[in-house]
Amino acid sequence: MLYDAVVIGAGPGGYVAAIKLGQRGKKVALVEKSFVGGTCTNWGCIPTKALLSSVHLYSEIVEKSRQLGVTVENVQCDFPAVRSHMNKVVTMSRKGIEYLLKKYNVELVSAEAVIESNSLVKAGETTLETKNIIIATGSYPSLIPPFDRVPGVWTSDDVFKMEKLPESILIVGGGVIGVEFATFFSTLKIPVTIVEVMDHILPTEDKDVAEVITKSLKKKGVQIYESSKVVGVEPIDDGFRCLIESKEGKIEKTAQKILVSVGRRPKIGEDVKALGLEIQRGIKTNTKMQTNIPNIYAVGDVRGQIMLAHVAMFEGVVAAKNICGEESHMDYSAVPSVIFSNPEVASVGLHEKDADPSQVKIFSFPLSANGRARTILEREGFAKVIADKNTLKVLGMTIVGPSATDMMMEGVVAVRNGLNAKDLEESIHPHPTLTETILGAIEGVVEMPIHL
Ligand code: NAD
């Protein structure tokens, strides 16, 4: 049988591409050696958000219930029940994907794929003949020296396997994963240390973002070493001793567990290398997601570029459309970044740190001036809008606060469609909502905010 496409890897890039092709009546096989859903569903986005939802509720009750007039006694976080919630959500998500694959006639092949040529893919005992191949094999967590030589050091893959909470944890890398797990553990009062090589945590975001998150983590007792590196690590009884090179000199620190979250690397097999695909960090593609071999496409983390599930999904759709003969190009002009810290962080488009101050107007509206935020006892955060100084076209937006990750869609639509700040200012924002924080920032860019 000749397939229109064989997709390798059932993560967000691969399964979405396969569904799109199936919806368009194409004959498609999806080869996966493990669970459908990839890192995102099984060891990433979904389980972390399940864990964070539990501790968020816990901290809301502990910190706010009394002030909100609700009496709750004997509040406890039962970790086995938290894990069971996480596992249920992961299973449901996997089942959902399997259901969709069936619904759209995608043939799911449970095997490890080996690409033999641009038209043959070996999947276990069977060889699939195909007109097109989509490589969506994802990425794995980087384990850098000296940690690669010490057994028992965790990456994000290992955290989800923990059966009981650690007594203390040292997190190497204060990026997205580091901050999300620091939020989880510190909310449960587990001593957390973050060691970040750059001069602030979340270095891809602006400094004012890092300041709010640093303050919130420190309030929960997290120790943060910026411009610092772990230069030595050795196992000790029930834990590790680390030597940290910091601004203050060399510091020794012990922790029961170490989590290394310093980025991820694309998963590129020997079969892919042997094909002669161009590789630059990851598999190189054009904006149609085509590699240098025109009927082989690559989507998601395996490209080694923007490693986000939502980017992978969109790349999967673009690849599928091109395979169907509809010319489609990936547009990276408005990729939202979302961090499920407490408060949440989201940004899109231009950041203040990358902007030429002479060319832009920037306004930051504080969450503390928002009425809805007061009702939920929140005051740490802001919405910041960056617009072109002359045209007032919205170039970028950053939000720090509750539901920032959901609210960011206003910024995505604005930046993606080149909307003017006046377009947003004239759009009625419902009252009382947190979205009025964005309105305040927009008003500030256009003229003056009413509520400040
Ligand atoms: P990251 O790139 O977000 O952060 C890595 C951090 O480690 C950076 O702050 C970097 O400066 C630091 N670092 C690098 N080397 C170091 C060293 N030797 N010592 C100390 N610090 C060091 O990577 P991540 O957090 O591992 O996440 C991996 C990928 O997964 C990212 O692309 C991320 O965007 C994605 N992800 C996204 C979400 C989300 O969208 N909410 C959640 C989790 C992961």
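Residues numbered from 1 in each chain as written. Predicted model: local features only at pLDDT ≥ 70, side-chain atom pairs only at ≥ 80, totals over all residues. Heavy atoms only, no water.

A. The arrangement of the overall build of the protein in detail. A tally of regular secondary structure across the protein gives 14 helices and 23 strands. Taking 452 residues into account, the globule formula puts the C-alpha radius of gyration at 22 Å, and the protein, at 23 Å, falls close to it. Seen through its principal axes, the protein has C-alpha atoms that stretch 65 × 60 × 45 Å. Partitioning the contacts of the protein with sequence separation of at least 6, the portion at a separation of at least 24 is 63%. When the accessible area of the protein is evaluated, it comes to approximately 21000 Å², of which 52% is carbon and sulfur surface. Across the protein, the 50 positively charged side chains and the 54 negatively charged ones have centroids separated by 2 Å. (Helix = DSSP H or I, 4+ residues; strand = E, 2+ residues; numbered from the N terminus. Rg over C-alpha atoms; globule rule 2.2 N^0.38 Å. Contact = heavy atoms within 4.5 Å. Areas by Shrake-Rupley, 256 points an atom, 1.4 Å probe, with all protein chains shown as cover. Lys, Arg positive; Asp, Glu negative; His and termini not counted. Charge placed at Lys NZ, Arg CZ, Asp CG, Glu CD.)

B. Structural detail: the domain arrangement of the protein. Partitioning the protein into domains gives domain 1 (2-141 + 265-323), domain 2 (147-260) and domain 3 (337-446). The centre of domain 2, based on its C-alpha atoms, is set 30 Å off from the matching centre of domain 3. If you sort the residues of domain 2 by the area they bury against domain 3, Glu205, Asp206 and Val212 come out on top, with a joint share of 38%. Our enumeration of links across domain 2 and domain 3 arrives at 3 salt bridges. Asp208 is the partner of Lys384 in a salt bridge, and the nearest nitrogen-oxygen pair spans 2.7 Å. Listed by contribution, the elements that provide at least two residues to the side of domain 2 that touches domain 3 are helix H6 (176-187) and helix H7 (207-219). Looking at the side of domain 2 that touches domain 3 element by element, the count peaks at 6 residues for H7. Among the residues forming the side of domain 2 that touches domain 3, the class breakdown is 7 nonpolar, 3 polar and 6 charged. (Domains from an automatic or database assignment. Buried area = accessible area lost by both parts, 1.4 Å probe. Salt bridge = Lys/Arg side-chain N within 4 Å of Asp/Glu carboxyl O. Nonpolar A, V, L, I, M, F, W, Y, C, P; charged D, E, K, R; others polar.)

C. Quick look at the pattern of salt bridges. Counted under the stated rule, the structure contains 20 salt bridges. One salt bridge in this structure joins Lys27 and Glu107, with 3.8 Å as the shortest N-O distance. Here the residue Lys27 occupies a position in the loop between helix H1 (12-23) and strand E2 (28-32), and Glu107 occupies one in strand E3 (residues 107-110), the gap between them amounting to 80 residues. Look at Glu107 and you get partly exposed, because its relative accessible area is 30%. Among the ionic pairs, Lys64 bridges to Glu60, the shortest N-O distance being 3.0 Å. Highlighted residues: Lys64 and Glu60, both in helix H3 (residues 45-64), separated by 4 residues, approximately one helical turn. Classification of Glu60 by relative accessible area gives partly exposed; the value is 25%. Here the salt bridges do not stand alone but share partners, grouping Asp206, Asp208, Glu352 and Lys384 into one network. (Buried < 20%, exposed > 50% of the residue type's maximum accessible area, 1.4 Å probe, protein only.)

D. Spatial organisation of the environment of Ser142. The residue Ser142 is located in the loop between strand E7 (139-141) and helix H5 (156-159) in this model. For Ser142, a relative accessible area of 6% corresponds to the buried category. It is 45 Å that separates the C-alpha atoms of Ser142 and His431, two residues lying 289 residues apart in sequence. Excluding anything up to four places from it in sequence, Ser142 contacts Val260, Val262, Gly263, Arg264 and Arg265.

E. Seen up close, the pairing of strand E4 (residues 113-117). Bridging between E4 and strand E5 (residues 120-123) involves 4 bridges; their strand directions are antiparallel. Residue pairing in the sheet places Val114 in a bridge with Lys122 of E5. Connecting E4 to the antiparallel partner E5 that follows it, the hairpin turn spans 2 residues. (Pairing = 2+ DSSP bridges.)

F. Layout of the packing of aromatic side chains. Counted by the stated rule, this structure contains 5 aromatic pairs. Between Phe184 and Phe185, the aromatic rings sit 5.1 Å apart at their centres with planes inclined by 70 degrees, giving edge-to-face as the arrangement. Here Phe184 matches Phe185 in class, with each residue buried. Members of the aromatic cluster, connected to one another through ring pairs, are Phe79, Phe160, Phe181, Phe184 and Phe185. Positioned above the aromatic ring of Phe35, the side-chain terminus of Arg94 is 3.6 Å from the ring centre. (Phe/Tyr/Trp six-rings, centres within 6.5 Å; stacked < 30°, edge-to-face > 60°. Lys NZ or Arg CZ within 6 Å of the ring centre and 35° of its normal.)

G. The side chain of Ser228, seen in detail. Tracing the sequence through the fold places Ser228 in the loop between strand E10 (223-225) and strand E11 (229-236). Given a relative accessible area of 3%, Ser228 falls into the buried group. Within the structure, the side chain of Ser228 is placed 2.6 Å from the backbone oxygen of Glu226, a separation counted as a polar contact. What Ser228 contacts, discounting residues up to four positions off in sequence, is Val195, Glu196, Val197, Ile244, Glu245, Ser246 and Lys247. (Polar contact = N/O pair within 3.5 Å; in protein donor to acceptor, adjacent residues only side chain to side chain.)

H. Structural view of the environment of Cys45. Mapped onto the elements, Cys45 comes out in helix H3. For Cys45, a relative accessible area of 29% translates into the label partly exposed. Taking the C-alpha atoms as reference, Cys45 lies 9.7 Å from Ile177; in sequence the two are 132 residues apart.

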